[in-house]
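Residue-level structure breakdown
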Amino acid sequence: MLSGLIFIASTAATAGPFEDADRAARESRLADMQSIYEKILTAEPGNVRALKGKAAALAWQGDYAASQSTYRRAIAMAPGDVNAKVDLGYAYAWAGQYTDAHNWFNRALNDDPMHVGARKGVGYAYLWAGEYELALESFDLAASIAPDDAEIGEAAGHANLSLGHARDAIASYDRSLWVDPDRESAKLARHAAYTTAPILETSAQYGSTSGIDSGVRSAEVAHWPTMTTRLALRYDDSL
């Protein structure tokens, strides 16, 4: 999954090799992308833009250790580059190294507390680590900063669904689709929430009943086949 990586090489009128690397990235020719940046770095070992580009290519190919090392070189040369810190956080998160991922996302947030990519990164690191409540809190915070980001709503849906909150998950997917009605991944996730996690509710009230001093006063089980249709079976001793 490549979602979340901040690095995007500029498509402005710059040197030819960078444009070639951009094209290779868009066409998913990741080995070519890496090779182009390596050629640039042979001539200019301290080119931060090329270092970040190479690190991105390595991460997308699954070579996380080499990607992390390359990002750290770029950050050492440009310690104020917040995006590089976020990208390094993702390189750690994709490798399953969640403590290091949080470390770099938080470093980025120390530099820029409103950085949406870093906020989403924190949420994804919690989500992939199975800490769904913390993931949901992080995505909610990210949404407060960027309410028009469809990815955040979808990610919150994944966290809700993992918690067994199918109805809340569908509401999150709906928020994503409200922002981007054509977001296919949110459509598929919303459908899956209905087919794989039936939306059930149960409730019970206790107190005085008609037959004895105390006991079950009422109980109900309900199913939501759609967001607006509720089917319920209810027992009520007061009747």
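Residues numbered from 1 in each chain as written. Predicted model: local features only at pLDDT ≥ 70, side-chain atom pairs only at ≥ 80, totals over all residues. Heavy atoms only, no water.

A few words now on the pattern of salt bridges. One pass over the structure, following the stated rule, counts 10 salt bridges. The shortest N-O distance in the salt bridge between Arg29 and Glu27 comes to 2.7 Å. For Arg29, a relative accessible area of 30% corresponds to the partly exposed category. Its relative accessible area of 47% is what places Glu27 among the partly exposed residues. Taking the shortest distance from any N to any O, the salt bridge between Lys52 and Asp81 comes out at 2.8 Å. A residue pair is termed long-range when its members are at least 10 positions apart, and Lys52 in helix α3 (residues 48-60) and Asp81 in the loop between α4 (64-77) and α5 (82-94) qualify at 29 residues. Across this residue pair, the class does not change: Lys52 and Asp81 are buried. Beyond isolated ion pairs, a larger network of salt bridges with shared partners links Glu27, Arg29 and Asp32. (Salt bridge = Lys/Arg side-chain N within 4 Å of Asp/Glu carboxyl O. Buried < 20%, exposed > 50% of the residue type's maximum accessible area, 1.4 Å probe, protein only. Helix = DSSP H or I, 4+ residues; strand = E, 2+ residues; numbered from the N terminus.)

The next thing to look at is the nonpolar core. Met33, Tyr37, Val86, Phe105 and Phe139 are the most contacted members of the largest nonpolar core, which has 47 residues in total. In terms of residue count, α5 provides more of this core than any other element does, nine residues in total. Setting aside chain neighbours within four positions, we find Phe139 in contact with Lys120, Gly123, Tyr124, Leu127, Ile152, Ala155 and Ala156. Listed in part, the five residues of the second largest apolar core include Ala169, Ile170, Ala189 and Ala193. (Core = buried A, V, L, I, M, F, W, Y, C linked by side-chain atoms within 4.5 Å. Contact = heavy atoms within 4.5 Å.)

Let us look at the environment of Ile40. By secondary structure assignment, the location of Ile40 is in helix α2 (residues 30-43). Accessibility expressed as a relative area gives 8% for Ile40, which makes it buried. Placed 22 residues apart in sequence, Ile40 and Phe18 show a C-alpha to C-alpha distance of 8.6 Å. Other than its neighbours up to four places away in sequence, Ile40 contacts Pro17, Phe18, Asn47 and Ala50.

One non-glycine residue, Ser28, lies in the positive phi region at around 60°. Inspection of the secondary structure puts Ser28 in the loop between α1 (16-26) and α2.

Let's shift gears to the confidence of the model for the chain. When pLDDT is averaged along the chain, the result is 86, and 77% of the positions lie at 70 or above. Below a pLDDT of 50 lies the segment residues 8-14, which in the model reaches 11 contacts outside its immediate sequence neighbourhood of four places, other chains included. (pLDDT = per-residue confidence, 0-100.)

Our focus in this paragraph is the side chain of Lys85. Looking at the element boundaries, Lys85 is found in helix α5. Ignoring any residue separated from it by four or fewer positions in sequence, one finds Lys85 in contact with Ile75, Pro79, Trp104, Arg107, Ala108 and Asp111.

Before going further, it helps to examine the packing of aromatic side chains. Using the criterion set out here, one finds five aromatic pairs in the structure. Judged by centre distance (6.0 Å) and plane angle (45°), the rings of Tyr90 and Trp94 are tilted. Linking Tyr90 with Trp94, this pair stays in helix α5, spanning four residues, or about one helical turn. Comparing Tyr90 with Trp94, the two get one shared label, buried. With 5.3 Å between their ring centres and 75° between their planes, Tyr124 and Phe139 make a pair best called edge-to-face. Of this pair, Tyr124 sits in helix α7 (residues 116-128) while Phe139 is found in helix α8 (residues 132-145), placing the two residues 15 residues apart along the sequence. Here the aromatic residues Tyr90, Trp94 and Phe105 are joined through ring pairs into a cluster of three or more. Over the face of the ring belonging to Phe18 we find Arg49, whose NZ or CZ atom lies 3.8 Å from the ring centre. Here Arg107 stacks its cationic end above the ring of Trp104, 4.2 Å away from the centre of that ring. (Phe/Tyr/Trp six-rings, centres within 6.5 Å; stacked < 30°, edge-to-face > 60°. Lys NZ or Arg CZ within 6 Å of the ring centre and 35° of its normal.)

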